[in-house]
Amino acid sequence: MELLVRYLDRRNSTNSILTEDAIKEDHLRDDLRYYFMSPCEKYRARRQLPWKLGVQILKIIMITTQLILFGLNNQLVVSYKEENEMAFKNLFLKGYSGVDEDDYSISVYTQHDVYDSLFYVLDQYSQLGRLSLGPISYAKDKDDKLLPLIICKEYYKRGSMEPSDEAYDIDAELEKDCMSHDPQTANQWKTQNSSFFDLDFYRLVDIQVSFQLKGINLQTVRSRELPDCYMFSVTITFDNQGHSGKVKIFLDIDAQSSACHDWKISGTAQKNTHYLLVFDGFIIIACVTSAVLCTRSIILAVGLLQRFSKFLHENYSRKVCEDDQSEFLNGWYLLVITSDLLAIVGSILKMEIQAKSLTSYDVCSIFLGTSTLMVWVGVIRYLGYFQKYNVLILTMKAAFPKVLRFCCCAGMIYLGYTFCGWIVLGPYHEKFEGLSRVAECLFSLLNGDDMFTTFAQLKDKNTLVWIFSRAYLYSFISLFIYMVLSLFIALITDAYETIKSYQKEGFPLTDLQKFLRDQTDFSAAEGGSQTDAAARYSVFCCCQRVPESDV
């Protein structure tokens, strides 16, 4: 408001006679004041509607609505794939309990169970049409012929083994033997190809059964969209690589959706798809408009920065400080432009998915989700026009450099604990089996989650490792919770208290703020001191709120 009053006073004062340099200076000051006004102040000054603010509000509503609609549809797609995977496991895996044992679905321990499980897959596959509850059938090729089921076994080329004599003779070269048959005669393979199923388990590495099925996702009809057709590539693997007496059985599916070639549906599904395409088109137009307006504001800001830099250099032989430069090169504009680009790409992908030209649901969701995140984060910018809400932004801005340096130092210790825990505790604790799992476990411990379970799940078969694990876990928890986390919070608290103090006592003025207040005393005392106090002031030299132009 103060800038607005000064701006109007300057525009209405026409009685004084000014020199040419003074007129340029006043024009520059007026342009800067107008640029840093809030949208409401700009409207009061020139009756100019805040178009960019209006576009942002409209864009937030439209993008959020688009995300919700796409998210509901994406949930149907993901649930369809997961439910089909569960159905296939129950159909083709003998003895499957409904829950995977580990990263594999089920395991067997005798030769008889391996043969039973393998033949069970073939028998179930040959009876698929009579067993399946869903719209699933055998896949066909372009010539309308059924795609064959393929069985491949991989084994060592040559080998003999006598564990009792501690003797073995193994050729490590692997050989692969495959066979394929028509799906409808799969139950006859074990009699027609008995030699293929004569397995030498001490040489056997794995057996893979692969086949393709087709299905139709009718769930999307409920959301008034056309159903998709799916191609399921199913692979069942009997893994004997460990040769430990335990054969792990995996079932993996790769689901690819496509537009159905011959379809007929009654109702409003097709019309609803057209409405969604039009809505996505409006979102693209809004995002393009927003990006153009923000780019224009950046160009205007660069021009003003050059004029202000030239003014300081010619009149006071000074350069614009980095904090003043950051006021012109506004990061919020870059955030908005980035979110616009992501929203445009996501909307195009969504339109292609709705037109059944693409099936990249995951890629589209990443673009739409990230753009929506950035759009809502950008709302903080407008809350920054109010002093009470502006505390969060100023605290984050002041604390970020120190927090970043602190995290770099703490990260080195964290990585050390990660590698140490993986190599020592990995063979004995499921939470330390991989580097990513170790990092996730330690992060949970850092936040006080799942502590007792982490201690209790360690296998106590090795006394030395058990003692080491206690020292490892106790030292990590004590170091990071009582020291690192406390120091992290202290850094942010210190920045917050400093900002609160400045709000009461006043912020240090930069050259830009002095110029906007008609102060011409650009002394070097504030910026050139090497004392700790001056260093503290330099961090916050632009923390005083300078109203920004509307986005």
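Definitions and limits used
Residues numbered from 1 in each chain as written. Predicted model: local features only at pLDDT ≥ 70, side-chain atom pairs only at ≥ 80, totals over all residues. Heavy atoms only, no water. Helix = DSSP H or I, 4+ residues; strand = E, 2+ residues; numbered from the N terminus. Buried < 20%, exposed > 50% of the residue type's maximum accessible area, 1.4 Å probe, protein only. Areas by Shrake-Rupley, 256 points an atom, 1.4 Å probe, with all protein chains shown as cover. Contact = heavy atoms within 4.5 Å. Expected span 1.5 Å × (residues − 1). Phe/Tyr/Trp six-rings, centres within 6.5 Å; stacked < 30°, edge-to-face > 60°. 1 Å grid on protein atoms, 1.4 Å probe; cavity = no way out; pocket = protein on both sides within 12 Å on 5 of 7 lines; lining within 4 Å. Points joined across faces, edges and corners; volume = space filled by probe spheres on them. Nonpolar A, V, L, I, M, F, W, Y, C, P; charged D, E, K, R; others polar. Salt bridge = Lys/Arg side-chain N within 4 Å of Asp/Glu carboxyl O. pLDDT = per-residue confidence, 0-100. Core = buried A, V, L, I, M, F, W, Y, C linked by side-chain atoms within 4.5 Å. Pairing = 2+ DSSP bridges. Axes fitted to C-alpha atoms, helices over the stretch in contact; angles between N-to-C directions. Parallel < 35°, antiparallel > 145°, perpendicular 65-115°, else oblique. Left-handed = near helix turned anticlockwise from the far one by under 90°. Patch = residues over 30% accessible without salt bridge, like charges linked within 9 Å, V, L, I, M, F, W, Y side chains within 5 Å. Lys, Arg positive; Asp, Glu negative; His and termini not counted. Charge placed at Lys NZ, Arg CZ, Asp CG, Glu CD.

Examining the overall build of the protein chain
What the protein chain contains, in helices and strands, is 18 helices and seven strands. Expressed as a percentage of its 551 residues, the buried residues of the protein chain come to 40%. Taken as a whole, the protein chain presents about 30,900 Å² of accessible surface, with 58% of it coming from carbon and sulfur.

Let's talk about the side chain of Ser 105
When you line up the elements, Ser 105 lands in the loop between helix H4 (51-92) and strand S1 (106-108). The residues contacting Ser 105, other than those within four sequence positions of it, are Lys 89, Leu 93, Tyr 96, Val 99, Asp 100, Ile 249, Phe 250 and Leu 251.

Points about helix H10 (residues 331-354)
Here H10 is 24 residues long and its end C-alpha atoms lie 34 Å apart, about the 34 Å a rise of 1.5 Å per residue gives. Where H10 ends, the next residue or the one after it, Lys 356, has phi of about 65°, a positive value.

A closer look at the packing of aromatic side chains
Tallied over the entire structure, the rule returns 21 aromatic pairs. Within the aromatic cluster, the residues linked to one another by ring pairs are Tyr 80, Phe 88, Phe 92, Tyr 125, Tyr 138, Phe 211, Tyr 230 and Phe 232.

Regarding empty space enclosed by the protein
Under the defined criterion, the tally for this structure stands at one cavity of 30 Å³ or more. By volume, the largest cavity amounts to about 100 Å³. In this structure, the largest cavity is lined by 13 residues; those nearest its centre are Gln 56, Val 336, Val 375, Gly 378 and Tyr 382. For the lining of the largest cavity, the secondary structure elements donating two or more residues are H4, H10 and helix H11 (361-383). With six residues, the single largest contributor to the lining of the largest cavity is H11. Across the lining of the largest cavity, the residue classes tally to eight nonpolar, three polar and two charged.

Regarding the pattern of salt bridges
For the structure shown, the criterion picks out seven salt bridges. Where Glu 433 meets Arg 437, a salt bridge forms, and the shortest distance between an N and an O atom there is 3.4 Å. A network of salt bridges, in which partner residues are shared, links Glu 85, Lys 89 and Asp 100.

Focus on the confidence of the model for the protein chain
The predicted structure's coordinates, where accompanied by low pLDDT, should not be read in detail. Overall, the prediction assigns the protein chain a mean pLDDT of 79, with 82% of residues at 70 or greater. Mean pLDDT per element in the protein chain: helix H18 (residues 532-539) is the minimum at 38, and helix H13 (residues 435-446) is the maximum at 91. With pLDDT under 50 throughout, residues 524-551 is counted as low confidence; its partners more than four residues away or in other chains account for 82 contacts.

Focus: unusual backbone geometry
In the Ramachandran plot, His 243 falls in the positive-phi region, its phi being about 45° despite a non-glycine side chain. Note that His 243 resides in the loop between strand S6 (228-239) and strand S7 (247-258). Notably, Asp 450 is not glycine yet its phi reads approximately 60°, a positive angle. Mapped onto the elements of the fold, Asp 450 is located in the loop between H13 and helix H14 (451-456). Under the relative-accessibility criterion, Asp 450 is labelled partly exposed at 40%.

Describing the nonpolar core
Within the largest apolar cluster, 45 residues are counted, with the highest numbers of intra-cluster contacts made by Phe 88, Phe 92, Ile 151, Phe 211, Leu 213, Phe 232 and Ile 236. The residues contacting Phe 232, other than those within four sequence positions of it, are Tyr 80, Asn 84, Phe 88, Ile 136, Phe 211, Gln 212, Leu 213, Gly 215, Ile 253, Asp 254 and Ala 255. Membership of the second largest hydrophobic core comes to 20 residues, among which are Phe 406, Cys 441, Phe 480 and Val 484.

Topic: the pairing of strand S5 (residues 204-217)
Pairing of strand S2 (residues 136-138) with S5 involves three bridges; the strand directions are antiparallel. By the bridge assignment for S5, Ile 136 is matched with Gly 215. Summarising the sheet, S5 and S6 pair through 12 bridges and their orientation is antiparallel. When the sheet's bridge partners are listed, Ile 207 is paired in S6 with Phe 238.

What about the packing of H4 against H10?
Here H4 crosses H10 at 40°, and the two axes come no closer than 12 Å. When the interaxial angle is binned, H4 and H10 end up oblique. Where H4 crosses over H10, the handedness of that crossing is left-handed. Together, Gln 56, Lys 59, Ile 63, Gln 66 and Phe 70 of H4 and Val 336, Ser 339, Asp 340, Ala 343, Ser 347, Lys 350 and Ile 353 of H10 make up the contact between the two elements. Its residues placed into classes, the contact of H4 with H10 shows five nonpolar, four polar and three charged.

Brief notes about the pairing of S6
With nine of its 12 residues buried, S6 lies for the most part within the structure. In the sheet, S6 pairs with S7 via 11 bridges, with the strands oriented antiparallel. Bridging from a neighbouring strand, Tyr 230 pairs with Ser 257 of S7.

Describing the packing of H13 against helix H15 (residues 463-505)
Running from amino to carboxyl end, H13 crosses H15 at an angle of 55°, the nearest separation of the two axes being 9 Å. In terms of orientation, H13 and H15 fall into the oblique class. Here H13 runs over H15; the crossing is right-handed. Contacts between H13 and H15 pair Val 438, Leu 442, Leu 445 and Leu 446 from the former with Tyr 472, Leu 473, Phe 476, Phe 480, Ile 481 and Leu 485 from the latter. A breakdown of the residues in the contact of H13 with H15 according to their chemical character gives 10 nonpolar, no polar and no charged.

Structural notes on the environment of Val 375
Here Val 375 shows up in helix H11. Separated by 40 residues in sequence, Val 375 and Leu 335 have C-alpha atoms that sit 8.1 Å apart.

Remarks on a negative patch on the surface
Residues Glu 101, Asp 102, Asp 103 and Glu 430 make up a contiguous surface patch of negative charge. Along the polypeptide, Glu 101 turns up in the loop between H4 and S1. On the basis of relative accessibility, which here comes to 43%, the residue Glu 101 falls in the partly exposed class.

Things to note about H11
The terminal C-alpha atoms of H11 lie 34 Å apart, and with 23 residues this matches the ideal 33 Å at 1.5 Å per residue to within 8%. What H11 keeps buried is the set Tyr 361, Cys 364, Leu 368, Ser 371, Thr 372, Val 375, Gly 378, Arg 381 and Tyr 382. In this structure, the buried side of H11 is in contact with H4, S6, S7 and H10.

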